[in-house]
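As a plain string of letters, each chain reads:
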Amino acid sequence: MRVLGLETSCDETGVAIYDTEQGLVAEALYSQIALHAEYGGVVPELASRDHVRKLLPLIREVLAKANMQGSDLDGVAFTKGPGLAGALMVGACAGRAMAYGWGVPAIGVHHMEGHLLAPMLEADAPAFPFIALLVSGGHTQLVRVDGIGCYTLLGESLDDAAGEAFDKAAKMLELGYPGGPQVAKAAERGRVGHYTFPRPMVNRPGLDFSFSGLKTFTLNTVTASRAAGTYNPQDQADIAAAFQEAVVATLVIKCHRALEQENLKTLVIAGGVSANTVLRARLAEKLAKTGGRVYYPRPEFCTDNGAMIAYAGHCRLAAGQHEGLGVTIRPRWPM
Ligand code: KG4
Ligand code: ZN
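Heads up: these notes are all about the structure in this document.

What counts and how
- Residues numbered from 1 in each chain as written.
- Chains lettered and ligands numbered in written order.
- Predicted model: local features only at pLDDT ≥ 70, side-chain atom pairs only at ≥ 80, totals over all residues.
- Heavy atoms only, no water.
- Core = buried A, V, L, I, M, F, W, Y, C linked by side-chain atoms within 4.5 Å.
- Buried < 20%, exposed > 50% of the residue type's maximum accessible area, 1.4 Å probe, protein only.
- Helix = DSSP H or I, 4+ residues; strand = E, 2+ residues; numbered from the N terminus.
- Contact = heavy atoms within 4.5 Å.
- Pairing = 2+ DSSP bridges.
- Right-handed = clockwise from strand over helix to strand, strands pointing away.
- Axes fitted to C-alpha atoms, helices over the stretch in contact; angles between N-to-C directions.

Quick word on the nonpolar core
(1) Moving on: Of all hydrophobic cores here, the largest spans 43 residues; its most connected members are Leu142, Phe243 and Leu267.
(2) Moving on: The element that contributes the greatest number of residues to this core is helix H8 (residues 233-262), accounting for 13 residues.
(3) Moving on: Look past the residues within four positions of Leu142 in its chain and what remains in contact with it is Ile131, Ala132, Leu133, Thr152, Leu153, Leu154, Gly155, Leu207, Phe209, Lys254, Cys255 and Ala258.
(4) Moving on: Counting residues in hydrophobic clusters, the runner-up holds 30 residues, among them Ala16, Ala77, Ala310 and Tyr311.

Regarding the pairing of strand E9 (residues 266-270)
(1) Moving on: Burial within E9 is extensive, with 5 of its 5 residues counted as buried.
(2) Moving on: Residues Thr266, Val268 and Ala270 of E9 are buried on one face, and the alternating residues Leu267 and Ile269, pointing to the opposite face, are buried as well.
(3) Moving on: Where strand E6 (residues 130-135) lies against E9, 4 bridges are found, and the strand directions are parallel. What sits directly across from Ala132, in E9, is Val268.
(4) Moving on: Pairing between E9 and strand E10 (residues 293-295): 3 bridges, direction parallel. By the bridge assignment for E10, Val268 is matched with Tyr295.
(5) Moving on: A crossover links E9 with its parallel partner E10, the connecting element being helix H9 (residues 277-289), and its sense is right-handed.

Considerations on the sheet that holds strand E1 (residues 2-7)
(1) Moving on: One open sheet accounts for 5 strands, arranged E3-E2-E1-E4-E5; its pairing is mixed. Each edge of the open sheet carries a strand with a single partner, namely strand E3 (23-31) and strand E5 (106-110). Each strand of the sheet is rotated relative to its neighbour by a mean of 20 degrees, with strand direction disregarded.
(2) Moving on: Packed on one face of the sheet, helix H2 (residues 44-65) meets E1, strand E2 (12-19) and E3 and runs near 150 degrees to E3.
(3) Moving on: Sitting on the sheet, helix H10 (residues 306-318) touches E1, E2, E3, strand E4 (75-81) and E5, and the angle it makes with E1 is about 130 degrees.

Encoded structure:
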């Protein structure tokens, strides 16, 4: 079965083809980062327009790379939600219409299921059951995964997502957009331990997260440093390092707790923040001590991409699921 996948939920236009036998056949990605950079965040209307502009050329590019035509495909998957309504509509309309034209089924995919299954695209893929830490710009969730579609939410952020906190910390530190990679880069120059930030909610039982307090702590630290006249590039890097340490330590503690609670050894991390190298290293360290193992997608499949949607859609279509003829999106959609 060959499935075309389309991702248009936010600020990346992603297209890919996944084949049951060959795996990932071709993919292409267009990032709108430069478009939104001057506004310091994603502007929904501009995002939709750019998806309209880029989606069809990318589909042509991927078909050409795969040396295929539409008639070679067995299904079309698109991101149905959650995400920006106008942006989702672009992928859903294009995907639904092309599937109709080619006479093949269409399937709307949950964006976070795409992220969650992205490590399956690697040669060394994890086996079910496992715990997944989904950390993106919109979600921070711990999920028990027993198979495709068998997901149990164990805990989630009660306020900001981890990625959102990274983005906001970057704004406070005037590090630019998107914030996660910028904070991570600045933190490399920072002195760990120069500042100590709180580890939110780690002393409370359970698997929920909260990152808004850390945001306020960052703001207060920056404000105090400016008032004292000590704010300079080194101080900025020290604050970035302390912020990153706090987020990473919190995520590591909760992942370990989830594995213990569910009596599992396998952890999967996915979503934009899973590209963070300090997070990856700390999780690997922690799990090595307990005989566990962490799996993650290659860096370019941590953030939004078409490959994860093609793969998740392929799994759903192979299980006999598909959309009706209408175009439906779900901008808010619990997994
Ligand atoms: O999964 P994603 O591309 O989009 C959403 O579905 O939200 O995740 C984007 C988020 C942004 O908040 C970005 O700042 C964060 O992932 N991010 C990172 C890193 N790379 C991306 N956060 C921390 N460290 C990184 N290296
Ligand atoms: Zn995402």
